[in-house]
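Descriptive structure summary
The chain contents come next:
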Amino acid sequence: MYFDSSMNDKIPIFPLPLVLLPGEKLPLHIFEEKYKKLVEHCLKNNKKFGIINSKNNDSLIIGCTASIDQVVGGENESREYDILVSGTERFIVKSYNTSEDYKQAYVKTWNDIDDTIDETLLQEANVFLYEVLLKLGASSKIPQINMPKSSFEIASMLDIDKRAKKILLKSQSENDRLIVLKRILKKAIIKIDYEDPARSGSPSYAQFEA
């Protein structure tokens, strides 16, 4: 079963050329009229909106709901907003509704179909995360690691490329996501060691790839 009935609703949709994951923070500048109306609707009704990858050509459209954490602007004539959102829950689009100025979709929750967790794999992924952060000199993030962190928690601490994010978003198994992240982190360690940040004087923060 790909989805269940825990979320079966019509939500505003914001198509963007990116992938949002649960737990990830994303700053957005809202300047188009239809999306200003979308934000105002969500603020007025304490609602979330959905973010989907506008470049997605797959048959299954998987997205992530976004909750608005911070808002700046909206009070001057332009009514432009700077908002900070957090990814919350994955969904699958069942159909679209275009009766409003902005796109809406009927969605259902996209859940894991495999609830098992390989504890060894979980610990290994967390150890690799710790090693990467140490090598990058990201000491400010290390106190955030209260092991073990889940796959989406690990992903939220890294700058992962869109292709890898799509894999993680669609996966319906925590173990599969941990395997992907372990591979990403191992590649990152090899790349960082090869580039030798100590010689260049600054660590590389290039996107992590699957």
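Quick summary incoming for the structure in this document. Keep in mind it's a predicted model, so treat the numbers as computed, not measured.

How each quantity is defined
- Residues numbered from 1 in each chain as written.
- Predicted model: local features only at pLDDT ≥ 70, side-chain atom pairs only at ≥ 80, totals over all residues.
- Heavy atoms only, no water.
- Helix = DSSP H or I, 4+ residues; strand = E, 2+ residues; numbered from the N terminus.
- Buried < 20%, exposed > 50% of the residue type's maximum accessible area, 1.4 Å probe, protein only.
- Polar contact = N/O pair within 3.5 Å; in protein donor to acceptor, adjacent residues only side chain to side chain.
- Salt bridge = Lys/Arg side-chain N within 4 Å of Asp/Glu carboxyl O.
- Core = buried A, V, L, I, M, F, W, Y, C linked by side-chain atoms within 4.5 Å.
- Contact = heavy atoms within 4.5 Å.
- Pairing = 2+ DSSP bridges.

Our focus in this paragraph is the environment of D115. Of note, D115 is situated in the loop between β6 (104–110) and α2 (119–136). Between the alpha carbons of D115 and N175 there is a distance of 8.7 Å; along the sequence they are 60 residues apart.

Further remarks concern the environment of E89. Within the element layout of this structure, E89 appears in strand β5 (residues 81–97). Assessed through its relative accessible area of 29%, E89 is described here as partly exposed. Placed 21 residues apart in sequence, E89 and W110 show a C-alpha to C-alpha distance of 8.0 Å. Polar side-chain contacts of E89 include one of 3.2 Å to the side chain of T109.

We now examine the pattern of salt bridges. In the structure shown here, the tally under the stated rule is 10 salt bridges. Its salt-bridge partner being E174, residue R177 comes within 2.9 Å of it at the nearest N-O pair. Of this pair, R177 and E174 are both found in helix α5 (residues 174–195), 3 residues apart, which corresponds to roughly one turn of the helix. We note that R177, like E174, is buried.

Counting residues in each nonpolar core, the largest one holds 49 residues, and the members touching the most others are F14, L28, F49, I51 and I83. Once residues within four sequence positions are removed from consideration, L28 is found in contact with F14, L16, F49, I51, Y81, D82, I83 and V85.

Every other side chain in a regular strand lies on the same face of the sheet, so the side chains alternate between the two faces. Sheet analysis places strand β2 (residues 25–30) next to β5, joined by 6 bridges and oriented antiparallel. Across the sheet, residue H29 finds its bridge partner in β5, namely D82. Relative to β5, strand β4 (residues 62–73) runs antiparallel, the two being bridged by 10 bridges. By the bridge assignment for β5, V71 is matched with I83. The pairing of β5 with β6 spans 6 bridges and is classified as antiparallel. The residue bridging S95 from the neighbouring strand is Y106, located in β6.

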